[in-house]
Amino acid sequence: MLYIIIGRDKPDSLAARLAARPAHLIRIETLKDSGRLVIGGPMPAVDSENPGDAGFVGSVIIAEFPSLEDASAWAEADPYQTEGVFESLEVRPFKQVLP
């Protein structure tokens with residue numbers, strides 16, 4: 001089943017996000033390479049693909065996992081969570097209707 005993972009960044013966490021990004025991307029690539037990643041990316045703090053110093057307010061991932069527990073465990077182990085980038089983390093089942 002698909003699950004949506006929404007991580008909301010702590011205020012002023014851009015430096016921590018940038019430091020944790022390489023390890024975060026390795027985990028995302030693993031999801032992608034296994035065919036389980038539907039979509040993923042950051043949410044810019046301003047209306048721009050490159051927000052610069054404004055940074056990001058969080059990230060969204062939609063991916064396939066065997067269960068909600070597995071998706072939650074994966075999210076809790078992500079470097080953005082373990083390195084203190086995220087202020088909150090939400091994992092929910094997701095039903096893709098379109099496209």
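Our subject is the structure that appears above.
Residues numbered from 1 in each chain as written. Predicted model: local features only at pLDDT ≥ 70, side-chain atom pairs only at ≥ 80, totals over all residues. Heavy atoms only, no water.

1. Side note on the sheet that holds strand β3 (residues 56–64)
1) Next: Taken in spatial order, the 4 strands of this open sheet run β2-β3-β1-β4, and their pairing is antiparallel. Two strands lie at the open edges of the sheet, namely β2 (37–44) and β4 (86–94), each paired on one side alone. Within the sheet, the average angular offset between the axes of one strand and its neighbour, ignoring direction, is 10°.
2) Next: As paired elements, β2 and β3 share 7 bridges and run antiparallel to each other. (Pairing = 2+ DSSP bridges. Helix = DSSP H or I, 4+ residues; strand = E, 2+ residues; numbered from the N terminus. Axes fitted to C-alpha atoms, helices over the stretch in contact; angles between N-to-C directions.)

2. Observations concerning unusual backbone geometry
1) Next: The omega torsion of the bond from L98 to P99 falls at -15°, within 30 degrees of zero and hence cis.
2) Next: Considering the arrangement of structural elements, one finds P99 in the segment after β4.
3) Next: Of note in the backbone geometry, D12 takes a positive phi value of approximately 55° without being a glycine.
4) Next: By the secondary structure assignment, D12 is in the loop between β1 (2–9) and α1 (14–33).
5) Next: Accessibility expressed as a relative area gives 83% for D12, which makes it exposed. (Buried < 20%, exposed > 50% of the residue type's maximum accessible area, 1.4 Å probe, protein only.)

3. Description of the packing of aromatic side chains
1) Next: Counted according to the given criterion, the structure contains 3 aromatic pairs.
2) Next: A centroid spacing of 5.8 Å and a plane angle of 50° characterise the contact between F65 and W74, whose relative ring orientation is tilted. Taken individually, F65 and W74 each receive the classification buried, so the pair is uniform in this respect.
3) Next: Within the aromatic cluster, the residues linked to one another by ring pairs are Y3, F65 and W74.
4) Next: For R27, the ring lying beneath its charged end belongs to W74, and the centroid distance is 4.2 Å. (Phe/Tyr/Trp six-rings, centres within 6.5 Å; stacked < 30°, edge-to-face > 60°. Lys NZ or Arg CZ within 6 Å of the ring centre and 35° of its normal.)

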